[in-house]
Amino acid sequence: MADAATTFHRLRVAEVREETADAVSLRFEVPAELADTYAYRPGQFLTLRIPESGGSSLARCYSLSSSPHDGSDLTVTVKRVEGGRGSGWLCDNVVAGSELDTLPPAGTFTPRSVDSDLLLIAAGSGITPVMSILRTVLATGKGKLVLLYANRDEQSVIFAEELRELADAHPGRLQVVHWLESLQGLPSRALLAELAQPFRDREAFLCGPTPFMDAASHALRDLDVPRKKLHIERFVSLTEDPFDTAEVAAEVTAGIEASDSTPETHTSETTVEVQLDGEKHTFSWPSGTLLLDLLRDRGLDAPFSCREGACSACACRVTSGEVRMRRNEVLDRTDLDEGYVLACQSDAVTDSVSITYDE
């Protein structure tokens, strides 16, 4: 029987709305029989199947910009990427009435409470999941929000008018700080730290292009924001088959750059101790089995999202022993030095390993 989370469903596009010259929002109709399947949390994403010539297709993830709690329909916002096969096709070909194959919503880039004060940091189309969170908190919660939003210029600001309206409607709860490269140059690590400093005690949600994300995440680390309060959403293009992880990209061992001297993956069973949700579990970890697969097979509710090493939803910390990642597109040098790994990409290297999800 197919897993519901990996079963594509065809949805009709009810509306295509131009947000900027290179970004559109696609509003989907969800039939009543799929309402439960497509229920979602703010900050999650949809995977869309993009048709190509010859009958092949691409799978691409796009964040939901709508809120599940303000009466709006299921909506993703897509910004055209230069040379991007997925975003280009969607922006050029999809009209009201088009039908697209989609996977149900997924992802863990979502706040634990809508009553908590949050720091939201976005650049470019990284605003899309942040907008979902922002709309939800204002519609249903009590939390106060600060949004730091960077763009090339004023014309490229997605949701500019709505952000003005929301800030005017919620003057005590929403503060929007725009950064325009055309006026202020690129935002540096030091400047981002200065802007974020008054809100360093809040949970922070970051989404945007890699250079910006690196600067912003390091800025928050400079302010001693703990890793568990830092939520990062960063996707890269999936493989041709979104569930095929056979292709291995740049391999990284936790805390060590891959090289000729990097230890090989362990060839016998490893003992792994896992701390998750305040409980400890011990399992045998067979050679060649990815850590996330092991934990899910043993009945643990270990978090995950893309299974591609392209988001940080499955991140955990190695407290003893050593693992090797097959692919890593999101953890930076600071993360690796602190022992963080992606469970969906991790093989054992040593005879025993201890990891925790609770830090």
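Quick notes on the rules
- Residues numbered from 1 in each chain as written.
- Predicted model: local features only at pLDDT ≥ 70, side-chain atom pairs only at ≥ 80, totals over all residues.
- Heavy atoms only, no water.
- Pairing = 2+ DSSP bridges.
- Helix = DSSP H or I, 4+ residues; strand = E, 2+ residues; numbered from the N terminus.
- Axes fitted to C-alpha atoms, helices over the stretch in contact; angles between N-to-C directions.
- Polar contact = N/O pair within 3.5 Å; in protein donor to acceptor, adjacent residues only side chain to side chain.
- Contact = heavy atoms within 4.5 Å.
- Expected span 1.5 Å × (residues − 1).
- Buried < 20%, exposed > 50% of the residue type's maximum accessible area, 1.4 Å probe, protein only.
- Parallel < 35°, antiparallel > 145°, perpendicular 65-115°, else oblique.
- Left-handed = near helix turned anticlockwise from the far one by under 90°.
- Nonpolar A, V, L, I, M, F, W, Y, C, P; charged D, E, K, R; others polar.

Enquirer: Give a detailed account of the sheet that holds strand E20 (residues 352-356), specifying residues and quantitative values.
Expert: Ordered by their spatial adjacency, five strands build an open sheet running E15-E14-E20-E16-E18, and the pairing between neighbours is mixed. Edge positions in the open sheet fall to strand E15 (279-285) and strand E18 (340-342), since each of these has one partner strand only. Strand-to-strand twist in this sheet, taken as the mean axis angle between neighbours without regard to direction, amounts to 35°. Where strand E14 (residues 270-276) lies against E15, seven bridges are found, and the strand directions are antiparallel.

Enquirer: Which residues make up the side chain of Gln44, and what values do they have?
Expert: With respect to the helices and strands, Gln44 occurs in the loop between strand E2 (23-29) and strand E3 (45-51). Here Arg41 takes part through its backbone nitrogen, which lies 2.9 Å from a polar atom of the side chain of Gln44. The residues touching Gln44, leaving out its near neighbours within four places in the chain, are Ser63, Leu64, Pro105, Ala106 and Gly107.

Enquirer: Talk me through helix H2 (residues 127-140); I want residue IDs and the actual numbers.
Expert: The end-to-end C-alpha distance of H2, which contains 14 residues, comes to 20 Å, matching closely the 20 Å that a straight helix rising 1.5 Å per residue would cover. A large share of H2 lies buried, amounting to twelve of its 14 residues. Turning to H2, its buried residues are Ile127, Thr128, Pro129, Val130, Met131, Ser132, Ile133, Leu134, Arg135, Thr136, Val137 and Leu138.

Enquirer: Describe the packing of helix H5 (residues 189-196) against helix H6 (residues 210-222), and please don't skip the residues or the numbers.
Expert: The geometry of H5 relative to H6 is characterised by a closest axis approach of 8 Å and an angle of 55° between their N-to-C directions. When the interaxial angle is binned, H5 and H6 end up oblique. At the point where H5 passes H6, the crossing takes the right-handed sense. Contacts between H5 and H6 involve Arg189, Leu192, Ala193 and Ala196 from the first element and Phe212, Ala215, Ala216, His218, Ala219, Leu220 and Asp222 from the second. Looking at the contact of H5 with H6, its residues break down into eight nonpolar, one polar and two charged.

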